[in-house]
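Structure at a glance
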Amino acid sequence: MTGQDAHATILALFRSAGDGFVSGAQISRALGVSRTAIWKKIEQLRLLGYAIEAVPSKGYRLQESPDLLLAAEVQAELGTERIGREVIYYAETDSTNLRAHELGKAGAEEGTVVLADRQTAGRGRLGRHWCSPGGVNLYASIVVRPPVAPRYASQMTFLSAAAVAQTVSETGGLTATVKWPNDVLVEGRKIAGLLNELDAETERIHYLVLGIGVNLNMQAGQFPDDLRYPATSLLLETGRRVSRLDFVRCLLRHMDRLYSLYLAQGFQPVLAAWQQYFHLVGCMVEVDCQNRRVVGCVQGLDSDGALLLELADGGRERVLAGDVRPL
Ligand code: BTN
């Protein structure tokens with residue numbers, strides 16, 4: 001049994017203990033190790049931040065858990081069908097998207113989730129850096145294998161954005177909005193970013209990595225000075241710390257529900273969920289499409305998620321990708 005599996009087993013015993021106490025004998029049976037070896041495992045959990053009381057003749061009791069995203073904690077009674085069937089947690093990694101790519105290539109099952117406490121080389125869109133300090137935020141990457149042609153891969157961006165907006169709204173009790181196609185904002189400030197990356201051949205998706213970064217408990221002083229946009233966190237918006245564990249569990253459930261809808265009914269219900277958070281219809285925007293800029297009034301979205309703009313000369317434009325800035 002690996003160290004992480006042993007920790008998971010002990011934490012599961014604590015969760016199911018009626019009076020909170022778990023005897024050394026129970027743990028020793030569950031792990032198949034000696035009573036002395038248990039003591040070592042308990043010490044390791046304490047070092048991770050779990051406050052565990054030891055009472056002679058009664059056993060061990062969990063008094064307080066740190067806000068860590070250990071796989072066993074995330075998966076306990078998660079109840080999802082696909083998303084989160086496998087969860088892998090890193091205290092530190094360069095980028096969860098890179099880890100998810102490795103897993104995707106190696107044949108990881110659909111719904112595998114990679115989480116990290118901190119990233120040393122967090123990746124943003126267009127080759128930008130994603131600020132990823134430890135202990136405060138959510139950094140997640142999910143491997144999916146939707147049975148659609150690669151040209152539909154961008155539909156998954158709407159799915160992630162809708163799930164994140166819904167989780168931010170519910171957790172913080174505030175109004176989240178989506179900026180086409182993929183940032184999530186609160187009061188016009190960016191609270192979450194999505195980086196979806198595709199591995200495919202001409203007609204078939206091998207896998208997609210859905211990268212999600214959400215600023216949860218980040219303080220104002222932790223944001224980089226050179227941000228290109230106003231940014232915020234749930235803590236800054238609500239004045240309250242958010243449990244990262246509760247947040248990620250809620251997010252995975254929303255992702256799972258939307259993904260099941262997508263597989264059963266296609267893109268329309270996902271787009272409808274996303275549109276509930278899209279508040280730019282009727283607004284003038286500028287879209288930076290890499291090699292050109294388009295200015296127009298947002299008419300809505302096409303059935304494939306393209307942005308429909310009315311231009312100053314009365315013409316119409318369908319935009320498939322770009323950075324939107326409200327004017
Ligand atoms: C953006 O530029 O808005 C997208 C940011 C995406 C950041 C997330 S954090 C988890 C995952 N791992 C990464 O390296 N990037 C994504």
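Residues numbered from 1 in each chain as written. Predicted model: local features only at pLDDT ≥ 70, side-chain atom pairs only at ≥ 80, totals over all residues. Heavy atoms only, no water.

Looking now at the pattern of salt bridges. Scanning the model with the defined rule gives 24 salt bridges in all. In this structure, R118 engages E92 in a salt bridge whose closest nitrogen and oxygen atoms are separated by 3.3 Å. Within this pair, whereas R118 is found in strand 5 (residues 113–119), its partner E92 is found in strand 4 (residues 87–93), the two being separated by 26 residues in sequence. Between D304 and R318 there is a salt bridge; the shortest N-O distance is 3.0 Å. In this pair, D304 is assigned in the loop between strand 12 (293–301) and strand 13 (307–310) and R318 in strand 14 (residues 316–319), connecting sequence segments 14 residues apart. The partly exposed category is assigned to R318, whose relative accessible area is 40%. (Salt bridge = Lys/Arg side-chain N within 4 Å of Asp/Glu carboxyl O. Helix = DSSP H or I, 4+ residues; strand = E, 2+ residues; numbered from the N terminus. Buried < 20%, exposed > 50% of the residue type's maximum accessible area, 1.4 Å probe, protein only.)

Moving on to the domain arrangement of the protein. If you check the domain split of the protein, you get domain 1 (3–64), domain 2 (71–275) and domain 3 (284–326). Computed from C-alpha coordinates alone, the two centres of domain 2 and domain 3 are separated by 25 Å. Contacts between the two partners involve 13 residues from domain 2, matched on the other side by 14 residues from domain 3. Of the roughly 970 Å² buried between domain 2 and domain 3, counting both surfaces, carbon and sulfur atoms make up 54%. Per-residue buried area on domain 2 facing domain 3 is highest for L126, K179 and W180; these three make up 54% of the total on that side. The interface formed by domain 2 and domain 3 contains two salt bridges. (Domains from an automatic or database assignment. Contact = heavy atoms within 4.5 Å. Buried area = accessible area lost by both parts, 1.4 Å probe.)

Note that the residue after W180, namely P181, is joined by a cis bond; omega there is -10°. Positionally, P181 belongs in the loop between strand 7 (176–179) and strand 8 (183–186). Phi angles above zero are rare outside glycine, and S57 is one such case at about 70°. Structurally, S57 can be placed in the loop between strand 2 (51–55) and strand 3 (59–64). Its identity is not glycine, yet E187 carries a phi of approximately 50°, on the positive side. Mapped onto the secondary structure, E187 falls in the loop between strand 8 and strand 9 (189–201).

This paragraph deals with the nonpolar core. L115, L138, V168, W274 and L307 are the most contacted members of the largest nonpolar core, which has 84 residues in total. Discounting chain neighbours no more than four positions away, the residues touching W274 are F158, A161, A162, V178, W180, P181 and L301. Ranked by size, the runner-up nonpolar core spans five residues in total, among them A100, V143, Y207 and V209. (Core = buried A, V, L, I, M, F, W, Y, C linked by side-chain atoms within 4.5 Å.)

This part covers the side chain of E317. With respect to the helices and strands, the residue E317 is situated in strand 14. Here R292 takes part through its side chain, which lies 2.9 Å from a polar atom of the side chain of E317. Setting aside anything within four residues of it in sequence, one finds E317 in contact with R292, V294, L307, L308, L309 and L311. (Polar contact = N/O pair within 3.5 Å; in protein donor to acceptor, adjacent residues only side chain to side chain.)

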